[in-house]
Amino acid sequence: MSIKISVVEKKLVETVNQYNLDEYYINESYGSIERFNQIVNGETLKNNEKPLTDFLSEIRPNNILHLQPKGINTNVEIKYGY
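Worth saying up front: this structure is predicted, and the values here are computed from it rather than measured. (Residues numbered from 1 in each chain as written. Predicted model: local features only at pLDDT ≥ 70, side-chain atom pairs only at ≥ 80, totals over all residues. Heavy atoms only, no water.)

Asks: Explanation requested: the sheet that holds strand E1 (residues 2-10) in the structure shown.
Replies: In a beta sheet, neighbouring strands are held together by backbone hydrogen bonds and run either parallel or antiparallel to one another. If you walk across this open sheet you meet the three strands as E1-E2-E3, and the pairing is antiparallel. Unpaired on one side and paired on the other, E1 and strand E3 (63-67) mark the two borders of the sheet. Looking at each pair of strands side by side, their axes are set apart by 15° on average, direction ignored. Pairing analysis gives nine bridges linking E1 to strand E2 (residues 14-22), with the strands arranged antiparallel. Paired with Ser2 across the strands is Asp22, a residue of E2. The sheet contacts of helix H1 (residues 23-30) involve E1 and E2, and relative to E2 the element is tilted by about 90°. (Pairing = 2+ DSSP bridges. Helix = DSSP H or I, 4+ residues; strand = E, 2+ residues; numbered from the N terminus. Axes fitted to C-alpha atoms, helices over the stretch in contact; angles between N-to-C directions. Contact = heavy atoms within 4.5 Å.)

Asks: Explain H1 to me, please; I cannot follow it from the model alone.
Replies: Note that an α-helix has 3.6 residues per turn; residues three or four places apart therefore point the same way. Taken together, the buried positions of H1 are Ile26, Ser29 and Tyr30. Summarising the axial view, the buried residues of H1 lie within an arc of 75°, below the 170-degree limit, and thus occupy one face. Those residues of H1 that are exposed and aimed more than 90 degrees away from the buried face are Tyr24 and Glu28. As for H1, its buried residues are in contact with E1, E2, helix H2 (33-40) and helix H3 (52-57). Between a side-chain oxygen at the N-terminus of H1 and the backbone nitrogen of Tyr24 the separation is 3.2 Å; the capping residue is Asp22. Just downstream of H1, Gly31 is the residue with a positive phi angle, here 95°. (Buried < 20%, exposed > 50% of the residue type's maximum accessible area, 1.4 Å probe, protein only. Arc of directions from axis to C-beta. Polar contact = N/O pair within 3.5 Å; in protein donor to acceptor, adjacent residues only side chain to side chain.)

This is the structure we're talking about:
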C-alpha cells in the first residue's frame, strides 16, 4: 500500500511536490501510519522522530508542479452576478 502526500511551498512561484510513500518506509521511520498522520497534522515530535521535512528530503517526489500563485486583488468590485 502507498500513501499519496502533496507538499505545497508558496513563494513567488507555488511549488507542489507530490510523493507516493510506501507503508513499509513510514512504519520504519515513525512506527505506524497513525503516528505519521499525527505528525502531518502538527503534533509535536518525540525524541527519536525525524522532522517531516527531513523525512521527505530523503525521498524523491514523483511529480513536481510549478504554478504561479493566485493572488486576490483587493480592488475587486462586483457589478452584477447570477
